[in-house]
Amino acid sequence: MDSLKDKFAAKSGPVSAEVKALIKEKGDFKLGEYTVAQVYQGMKGMIGMVTETSKLDPEEGIRFRGYTIPELREKLPKAKGGTEPLPEGIFHLMLLGELPTQEEVLSLGNNWARRAIVPKHVFDVLDELPASTHPMTQFVIAILAMQTESLFAAAYKKGINKKEYWDYVYEDSMNLIARLPRVAAYIYRRKYKNGVHIEPDHKLDWAANLAHMLGYEDLDMKRLMRLYMTIHVDHEGGNVSAHATHLVGSALSDPYLAFAAGMTGLAGPLHGLANQEVLSWIMELREELGGGLPTEKQIEDYIKKTLADGKVVPGYGHAVLRKTDPRFAAQQDFYTRYIRPLGKDDLCEIVQMVYKVAPPILEGTGKIKNPWPNVDAHSGVLLNHYGMVEHEFYTVLFGVSRALGVLSSLIWDRALGHPLERPGSITTEGIKKKIAAAEAKA
Ligand code: HAX
């Protein structure tokens, strides 16, 4: 018996009927007209899809089903004696739109534990890759290797009614989420710990078990992993990883294929790979200055040099946000609450200094729309503090968390019967003709 699935079935039916009626009655309602700049510059600000799980406000940041990150850190169920939310809880919230009880979160954790067995061939595939293969490439390959298990693909081949799509997408998504921690840990231990693997401990919650399989038994790292896995889940529908998953899923590619597409997007340095880039950038800064804490002036010069070299300052800027990312603030709070009282960490301190120095410089360029830090500006130094020094691995952790958001959205996509996504495009010649015609009329 899967009570989460029963609740989803009870919820999604009426919402689906409501959406169909809305399209029928108000389908011609104009949502806005878009500019040439928006068409050329990544469709920023265009409302082009429906995402139920979260909504991003440029000034305030993300809300998951109406709740901010500080609210969720307080309200979501925690592990026994724990202080940070269990990510099982935010998945329940995104899928059903309701805060879960402690019992529901425990039941979901057990549900994932029962599904967590990764087929052996996935490890065999990973073992064949050169050890130098980037962890994100390995992650995507492992997800694709697991596609042999897709219940959606098997059912579609046999022939199923459209109304049943969500059920199989739900099953695939739950299996994927259950198995990703093992896959991530396998990649990590193979690449960085001489292939000495650690068996799962399903008495632990999903995030703590991930920390355990990675080789981190420290309670503090488990606490960080719960927060990390909660805050990275979702950022509404238009970001590259969420949009790619949604887009590929719209072709009825199964959740393994769709999620792998999302992860190839997350692996880009302007998106999830920025967390790796931030650490490398800070390490290079330290190296150039011969170690220790830099002065504010030295950081200022380094930022200016980065810009002068035509590079981006990683961890700063955002396509939608126009203020400090609340996910950055949550990690800053984690540092001041749990780490700093025990002794300052040089790299975490540098992050605080960059936060003070960078925004006015970035703003001063006159072109960067958001001079404030995003989630990736802080995450690496916290992992590094607890001993995870392998920067190239950081985006895989982001990806494990992101699965919760994009896959709960994918289940909704199929429950609501969203069709194939196929926006129109235009040529530059076409744009010029439209402008000329409008100007001739005026
Ligand atoms: N450093 C230097 N230049 C920057 C910048 C930064 N941090 N942020 C923006 N710019 C530049 C852009 O490259 C662009 O330059 P050109 O006009 O020469 O092309 C100009 O400022 C205007 O860009 P924008 O409109 O402010 O920003 P975009 O919406 O185009 O891009 C990005 C948003 C996040 C990609 C951008 O801010 C950036 O590259 N940041 C650094 C990389 C980063 O931290 N990425 C992670 C973002 C959060 C996320 O997805 N996490 O997973």
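Residues numbered from 1 in each chain as written. Predicted model: local features only at pLDDT ≥ 70, side-chain atom pairs only at ≥ 80, totals over all residues. Heavy atoms only, no water.

(A) Structural view of the site of the ligand. Within the structure, the ligand sits among 21 residues, and Gly-315, Tyr-316, Lys-367, Lys-369 and Asp-376 are positioned closest to it. Residue Leu-270 places a main-chain N or O atom 2.9 Å away from a nitrogen atom belonging to the ligand. Residue Asp-376 places a side-chain N or O atom 2.7 Å away from a nitrogen atom belonging to the ligand. Considered on its own, the ligand offers 910 Å² of accessible surface; in the complex 76% of this is hidden by protein. (Near = heavy atom within 4 Å. Polar contact = N/O pair within 3.5 Å; in protein donor to acceptor, adjacent residues only side chain to side chain. Areas by Shrake-Rupley, 256 points an atom, 1.4 Å probe, with all protein chains shown as cover.)

(B) Quick peek at helix α7 (residues 135–145). Most of α7 is tucked away: eight of the 11 residues are buried. When we look at burial in α7, the residues that qualify are Pro-135, Met-136, Gln-138, Phe-139, Val-140, Ala-142, Ile-143 and Ala-145. Buried-residue contacts for α7 involve α6 (120–128), α9 (165–192), α13 (255–266) and α19 (394–415). (Buried < 20%, exposed > 50% of the residue type's maximum accessible area, 1.4 Å probe, protein only. Helix = DSSP H or I, 4+ residues; strand = E, 2+ residues; numbered from the N terminus. Contact = heavy atoms within 4.5 Å.)

(C) Spatial organisation of the packing of aromatic side chains. Per the counting criterion, the structure on display carries 17 aromatic pairs. Taking the centre distance of 5.4 Å and the plane angle of 55° together, the rings of Trp-112 and Trp-206 count as tilted. Of this pair, Trp-112 sits in helix α5 (residues 102–114) while Trp-206 sits in helix α10 (residues 206–214), and the two are 94 residues apart along the sequence. The same class applies to Trp-112 and to Trp-206, which are both buried. On the basis of an interplanar angle of 55° and a centroid distance of 5.1 Å, the ring pair of Trp-281 and Tyr-302 is categorised as tilted. Linking Trp-281 in helix α14 (residues 274–289) with Tyr-302 in helix α15 (residues 296–308), this pair joins segments that are 21 residues apart in sequence. Aromatic ring contacts, followed pair by pair, group Phe-8, Trp-166, Tyr-170 and Trp-412 into a single cluster. The ring centre of Tyr-338 lies 3.7 Å from the NZ or CZ of Arg-223, which sits over that ring. (Phe/Tyr/Trp six-rings, centres within 6.5 Å; stacked < 30°, edge-to-face > 60°. Lys NZ or Arg CZ within 6 Å of the ring centre and 35° of its normal.)

(D) Seen up close, a negative patch on the surface. Residues Glu-277, Glu-284, Glu-287 and Glu-288 make up a contiguous surface patch of negative charge. The topology assignment puts Glu-288 in helix α14. Taking relative accessible area as the criterion, Glu-288 reaches 52% and is therefore assigned exposed. (Patch = residues over 30% accessible without salt bridge, like charges linked within 9 Å, V, L, I, M, F, W, Y side chains within 5 Å. Salt bridge = Lys/Arg side-chain N within 4 Å of Asp/Glu carboxyl O. Lys, Arg positive; Asp, Glu negative; His and termini not counted. Charge placed at Lys NZ, Arg CZ, Asp CG, Glu CD.)

(E) Region of the structure containing the layout of surface pockets. Counted as a void, the second largest pocket has a volume near 580 Å³. Mapped by element, the contributors of at least two residues to the lining of the second largest pocket are α5, α9, α10 and α11 (219–231). For the lining of the second largest pocket, the element with the highest residue contribution is α5, accounting for seven residues. In terms of residue class, the lining of the second largest pocket is built from 14 nonpolar, eight polar and 10 charged. (1 Å grid on protein atoms, 1.4 Å probe; cavity = no way out; pocket = protein on both sides within 12 Å on 5 of 7 lines; lining within 4 Å. Points joined across faces, edges and corners; volume = space filled by probe spheres on them. Nonpolar A, V, L, I, M, F, W, Y, C, P; charged D, E, K, R; others polar.)

(F) Structural context of the pairing of strand β1 (residues 54–57). Taking every second residue as pointing to the same face, the buried face of β1 carries Ser-54 and Leu-56, while none of Lys-55 and Asp-57 on the other face is buried. Of the pairings in the sheet, the one linking β1 to strand β2 (residues 61–64) comprises four bridges and is antiparallel in character. Paired with Leu-56 across the two strands is Ile-62, which belongs to β2. The antiparallel hairpin formed by β1 and β2 contains three residues in its connecting segment. (Pairing = 2+ DSSP bridges.)

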